[in-house]
Amino acid sequence: MKEILKVVAVGILILFLVALSSLALSGRIKPDVKAALTTSKDKPAYCVPAQKGGLQEFLNTPASPYFIRHPSSDGPNVLTIIWLGGGSGTRNGVSRSWDRYLSPDSRVNSFRVVLPYASRSEDSFLDNAPRTYQILDEVLACYGGNPKKVHIAGNSNGGIAAFSLMVARPELFATLLGAPGSFWVSFAASTQYPLTAEQLKSFAGHAFFNGVGENDENWKDEAKEADKQLRAAGLDSVYVEFPGQGHGANEDFDNSVLFDFWAKHSSKTPNRLSEGL
């Protein structure tokens, strides 16, 4: 009797699956259910549901580790900020960067913020900063967003990494923000300082923010020089000193200036004339 019941149960399950497939093909399933049936096929197997409201940590994807802070309202045109932390780019370090540079401004809720950090096998994130490209690919593949509206940014060593990533692959980013950052060190073999005419040409249509603490005497010259060189090439660049700040942001840091910059340039699409150089 038990064997007969098993056969009947299996038969019912098969009929249900056949019927479900038929409905999906005919378009009679509700749109959200149909999307749920097909989405998993369109995304990599490592994608997991977005967890909103805080930093979501990713440890088991090909390009991990990193954090994501998802926007309050999602969609295909969501803008992405990639922020690279200072020092050796540790997990705790990028968490502090989130607290000091990003989280205080409510406008952060309009962006998907990605915070890469060094893995246990990396002495410093700066040593393997190109992993950021893989992280960006993962984030766009799993959660979408406008690939032409990705902002790269960082502070201190993270700023150096961000500047180097822009030099190597400018077509991937709409803007570059250093708080502070510098072109003077790079993992990219083709990069030198000052930048070459070809490198500056590849920045056409992009915007640059060279920020530095008012009391950060060791980095002011680098930030000023970067701004000067970019402006001389006819590029959209600003130099900003953060009042009362040293090399790292403290609890009095006003991060609205960062979001003012991103808001100003979020509606613009970079000029792609430089692609292929």
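Our structure is the block above this text.
Below: a short report on this structure. Please read all numbers here as calculations on a predicted model, not as lab measurements.

**Brief notes about unusual backbone geometry**
Peptide bonds are trans in most cases, and residues, glycine excluded, mostly fall at negative phi.
Next up, step 1: The omega torsion across Ser64 and Pro65 is 15°, close enough to zero to call that bond cis.
Next up, step 2: Geometrically, the link from Ala179 to Pro180 is a cis peptide bond, its omega value of 0° lying close to zero.
Next up, step 3: As for its position among the elements, Pro180 is in the loop between strand S6 (175-178) and helix H6 (197-201).

**Here's the deal with the pattern of salt bridges**
Next up, step 1: One pass over the full model with this rule turns up nine salt bridges.
Next up, step 2: Close ionic contact of Asp105 with Arg107 constitutes a salt bridge, the shortest N to O distance being 3.0 Å.
Next up, step 3: Take Asp105: its relative accessible area is 10%, and that puts it in the buried class.
Next up, step 4: Here Arg107 falls in the partly exposed class, since its relative accessible area comes to 28%.
Next up, step 5: A network of salt bridges, in which partner residues are shared, links Asp105, Arg107 and Asp260.

**Topic: the nonpolar core**
Next up, step 1: Counting 35 residues, the largest nonpolar core has Ile82, Leu84, Ile152, Phe173, Leu176, Phe183 and Phe203 as its most contacted members.
Next up, step 2: Where this core is concerned, the elements lending two or more residues are strand S2 (66-69), strand S3 (79-84), helix H4 (131-143), strand S5 (150-154), helix H5 (157-168) and helix H7 (217-232).
Next up, step 3: Ignoring sequence-local partners within four residues, the contact set of Leu176 consists of Ile152, Ala162, Phe163, Met166, Phe183, Ala207, Phe208, Phe209 and Phe261.
Next up, step 4: Core analysis: the second largest hydrophobic core is formed by 26 residues, Leu79, Ile81, Ala153 and Phe209 among them.

**Side note on the state of the cysteines**
Next up, step 1: In total, this model carries one disulfide according to the counting rule given.
Next up, step 2: The disulfide partner of Cys47 is Cys142, and the S-S distance across this bridge is 2.0 Å. Taking the torsion about the sulfur-sulfur bond, which here is approximately -80°, the covalent link between Cys47 and Cys142 counts as left-handed. With Cys47 in the loop between helix H2 (31-42) and strand S1 (56-58) and Cys142 in helix H4, this pair connects stretches of sequence that are 95 residues apart. In this pair, the class of Cys47 matches that of Cys142, namely buried.

Analysis parameters
- Residues numbered from 1 in each chain as written.
- Predicted model: local features only at pLDDT ≥ 70, side-chain atom pairs only at ≥ 80, totals over all residues.
- Heavy atoms only, no water.
- Helix = DSSP H or I, 4+ residues; strand = E, 2+ residues; numbered from the N terminus.
- Salt bridge = Lys/Arg side-chain N within 4 Å of Asp/Glu carboxyl O.
- Buried < 20%, exposed > 50% of the residue type's maximum accessible area, 1.4 Å probe, protein only.
- Core = buried A, V, L, I, M, F, W, Y, C linked by side-chain atoms within 4.5 Å.
- Contact = heavy atoms within 4.5 Å.
- Disulfide = S-S within 2.5 Å.

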